[in-house]
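If you want the building blocks of each chain, they are given just below.
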Amino acid sequence: AQSVTQLDSQVPVFEEAPVELRCNYSSSVSVYLFWYVQYPNQGLQLLLKYLSGSTLVKGINGFEAEFNKSQTSFHLRKPSVHISDTAEYFCAVSKGDYKLSFGAGTTVTVRA
Amino acid sequence: DAGVTQSPTHLIKTRGQQVTLRCSPKSGHDTVSWYQQALGQGPQFIFQYYEEEERQRGNFPDRFSGHQFPNYSSELNVNALLLGDSALYLCASSPAGGNTGELFFGEGSRLTVL
């Protein structure tokens, strides 16, 4: 079975500052990795995904993540955040069977 | 192209009652999954339907049941509601023949059990 640990439950950050959200996973098989964003009172929207190939993955809204197999990590980064990036961010893992295991989430609050 | 749609968006029930939630998948998708997201937590997998059959199930009691119709839409039923069933219930669909593992989510049905 796969599991995901998001190391930060809350991340406050100032507008235009960089942000990094940390995610570690455990699995005995090869996995696919995802980051989803959830804005208040909305469903989940895919930010980016790692399936194979280049370990640096670029997603929507200027986000990127790096897959590190040796450290079993998939950290999410953005070089300069906006107020509109205030949301809940979820890291998830799948073995390709469309069953996702999610972390507990990281709340990002961007302040002016 | 409509995405995943869910109904109702909000509902309130009392303990012991039964509830049915509905989901229409994104056009071209044939697999529907249901997730429960309790307040302040990540979504938890309930079950997945494909070709009108339950294909996978998470660690949820038999009070949680589902159905998929020939048009790929789906229902989630919860019997004998408990206070702990209060949550956002998310439906997600995935494309026919796809292999990326990516899910497309609806905006959810928020259930409050009093």
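A quick note: this is a predicted structure, and the numbers were derived from the prediction, not measured.

(A) Region of interest: the sheet that holds strand E7 (residues 64-68) of chain B. All names here are of chain B. Strand order in the open sheet made by the 4 strands is E1-E3-E8-E7, with antiparallel pairing throughout. The strands lining the two open edges of the sheet, one partner per strand, are strand E1 (5-7) and E7. The average undirected angle you get between the axes of adjacent strands in this sheet is 20 degrees. Strand direction decides the pairing type here: E7 and strand E8 (residues 74-78), joined by 5 bridges, are antiparallel. Across the sheet, residue Gly-66 finds its bridge partner in E8, namely Leu-76.

(B) A look at the pattern of salt bridges. Residue and element names in this part refer to chain A. If you walk through the whole model with that rule in mind, you get 9 salt bridges over all chains. Between Glu-20 and Arg-77 there is a salt bridge, and its shortest N-O distance comes to 2.8 Å. Highlighted residues: Glu-20 in strand E3 (residues 19-21) and Arg-77 in strand E9 (residues 73-78), separated in sequence by 57 residues. In this structure, the salt-bridge partner of Lys-58 is Glu-64, at a minimum N-O distance of 2.8 Å. Take Glu-64: its relative accessible area is 23%, and that puts it in the partly exposed class.

(C) Unusual backbone geometry, seen in detail. Note the cis peptide between Ser7(B) and Pro8(B), where omega equals -10 degrees. Along the chain, Pro8(B) falls in the loop between E1 and strand E2 (10-13). In this model, Asn41(A) sits at a positive phi of 60 degrees, which is unusual for a non-glycine residue. Residue position: Asn41(A) is located in the loop between strand E5 (32-38) and strand E6 (44-50). Its relative accessible area of 69% is what places Asn41(A) among the exposed residues.

(D) Structural context of the state of the cysteines. Residue and element names in this part refer to chain A. Under the counting rule described, the total for this entry stands at 2 disulfides over all chains. What pairs with Cys-23 in a disulfide is Cys-91, and their sulfur atoms sit 2.0 Å apart. Here the disulfide of Cys-23 and Cys-91 is left-handed, its torsion about the S-S bond being about -65 degrees. Of this pair, Cys-23 sits in strand E4 (residues 23-26) while Cys-91 sits in strand E10 (residues 87-94), and the two are 68 residues apart along the sequence. The same class applies to Cys-23 as to Cys-91, namely buried.

(E) Spotlight on the interface of chain A and chain B. Counting from both sides, the interface comprises 20 residues of chain A and, opposite them, 24 residues of chain B. Here chain A meets chain B over a buried area of about 1,800 Å², counting both sides, of which 51% is carbon and sulfur. Together, Leu44(A), Tyr98(A) and Lys99(A) form the three largest contributors to the area buried by chain A at its contact with chain B, with a combined 38%. Here chain A is connected to chain B by 1 salt bridge. Taken together, the links from chain A to chain B amount to 4 residue pairs in polar contact (both at pLDDT 80 or more). Of all elements in the fold, only E5, E6 and E10 of chain A reach the threshold of two or more residues within the side of chain A that touches chain B. Looking at side-chain class alone, the side of chain A that touches chain B contains 11 nonpolar, 6 polar and 3 charged residues.

(F) Molecular detail of the nonpolar core. If you look at the biggest cluster of nonpolar residues, it comprises 28 residues, and the most contacted ones within it are Trp35(A), Leu48(A), Leu76(A) and Tyr89(A). For this core, the element with the highest residue contribution is E10(A), accounting for 4 residues. Excluding its chain neighbours within four sequence positions, the residues that come into contact with Tyr89(A) are Gln6(A), Leu21(A), Trp35(A), Tyr36(A), Val37(A), Leu47(A), Phe63(A), Leu76(A), Gly105(A), Thr106(A) and Val108(A). Grouped together as the second largest cluster of nonpolar side chains are 20 residues, Val4(B), Val19(B), Ile46(B) and Phe47(B) included.

Each value, and the rule that gives it
Residues numbered from 1 in each chain as written. Chains lettered and ligands numbered in written order. Predicted model: local features only at pLDDT ≥ 70, side-chain atom pairs only at ≥ 80, totals over all residues. Heavy atoms only, no water. Pairing = 2+ DSSP bridges. Helix = DSSP H or I, 4+ residues; strand = E, 2+ residues; numbered from the N terminus. Axes fitted to C-alpha atoms, helices over the stretch in contact; angles between N-to-C directions. Salt bridge = Lys/Arg side-chain N within 4 Å of Asp/Glu carboxyl O. Buried < 20%, exposed > 50% of the residue type's maximum accessible area, 1.4 Å probe, protein only. Disulfide = S-S within 2.5 Å. Contact = heavy atoms within 4.5 Å. Buried area = accessible area lost by both parts, 1.4 Å probe. Polar contact = N/O pair within 3.5 Å; in protein donor to acceptor, adjacent residues only side chain to side chain. Nonpolar A, V, L, I, M, F, W, Y, C, P; charged D, E, K, R; others polar. Core = buried A, V, L, I, M, F, W, Y, C linked by side-chain atoms within 4.5 Å.

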